[in-house]
Amino acid sequence: MKASEIRELSAEELTAKLGDLKKDLFNLRLQHATNQLDNTNKIVEVKHDIARVNTVLREKQLADKA
């Protein structure tokens, strides 16, 4: 998911997206531990998406305070 797409979402949508991404990461780690995951790069991609969402959430919090 691109940062420009993430910035278009509202804070509530970002929070929901963050929850979904964390669930995805948990499932990917579980699949990796049981040797069922074919594409291990997917874990890295989801981690980056979580970081992007957290960054945009923080930007929006700081913009609200200013």
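Residues numbered from 1 in each chain as written. Predicted model: local features only at pLDDT ≥ 70, side-chain atom pairs only at ≥ 80, totals over all residues. Heavy atoms only, no water.

Enquirer: Could you give me a rundown of the overall build of the chain, with the residues and numbers involved?
Expert: Looking only at helices and strands, the chain features three helices and zero strands. Whereas a compact globule of 66 residues would reach a radius of gyration of roughly 11 Å, the chain reaches 14 Å, over 25% beyond that. The principal-axis extent of the C-alpha atoms belonging to the chain is close to 50 × 15 × 15 Å. With 66 residues in all, the chain has 21% of them scored as buried. In the chain, 64% of the contacts between residues at least 6 apart in sequence involve partners at least 24 apart. Roughly 5,000 Å² of accessible area belongs to the chain as shown, and the carbon and sulfur atoms make up 50% of that amount. (Helix = DSSP H or I, 4+ residues; strand = E, 2+ residues; numbered from the N terminus. Rg over C-alpha atoms; globule rule 2.2 N^0.38 Å. Buried < 20%, exposed > 50% of the residue type's maximum accessible area, 1.4 Å probe, protein only. Contact = heavy atoms within 4.5 Å. Areas by Shrake-Rupley, 256 points an atom, 1.4 Å probe, with all protein chains shown as cover.)

Enquirer: Tell me about helix α3 (residues 41-65), residues and numbers included.
Expert: Spanning 25 residues, α3 covers 37 Å between terminal C-alpha atoms, matching the ideal 36 Å at 1.5 Å per step. Considered for burial, the residues of α3 that qualify are I43, V46, D49, I50, V53, V56 and L57. Buried positions along α3 lie against α1 (3-7) and α2 (11-33). (Expected span 1.5 Å × (residues − 1).)

Enquirer: So what's going on with the packing of α2 against α3? Residues and values would help.
Expert: Relative to each other, α2 and α3 sit at 160 degrees, their axes nearing to 9 Å. In terms of axis orientation, α2 runs roughly antiparallel to α3. Two packed elements cross with a definite hand, and for α2 against α3 that hand is left-handed. Along its contact with α2, which presents A11, L14, T15, K17, L18, L21, K22, L25, L28, R29 and H32, the element α3 presents K42, I43, V46, K47, D49, I50, V53, N54, V56, L57 and K60. Residue composition of the contact of α2 with α3, by class: 12 nonpolar, three polar and seven charged. (Axes fitted to C-alpha atoms, helices over the stretch in contact; angles between N-to-C directions. Parallel < 35°, antiparallel > 145°, perpendicular 65-115°, else oblique. Left-handed = near helix turned anticlockwise from the far one by under 90°. Nonpolar A, V, L, I, M, F, W, Y, C, P; charged D, E, K, R; others polar.)

Enquirer: How would you explain α2 if you had to name every residue and give the values?
Expert: In this model, α2 (23 residues) spans 33 Å end to end at C-alpha, consistent with the 33 Å of a helix rising 1.5 Å per residue. Among the residues of α2, L14, L18, L21, L25 and L28 are the ones counted as buried. Among the structural elements, α1 and α3 are those in contact with the buried residues of α2. Just downstream of α2 lies N35, where phi reads positive at about 60 degrees.

Enquirer: I'd like to hear about the nonpolar core, residue by residue, with values.
Expert: Ranked by size, the top nonpolar core spans 13 residues in total, and within it L14, V46, I50 and V53 carry the most contacts. For V46, the contacting residues outside a window of four places in its chain are L21, L25 and L28. (Core = buried A, V, L, I, M, F, W, Y, C linked by side-chain atoms within 4.5 Å.)

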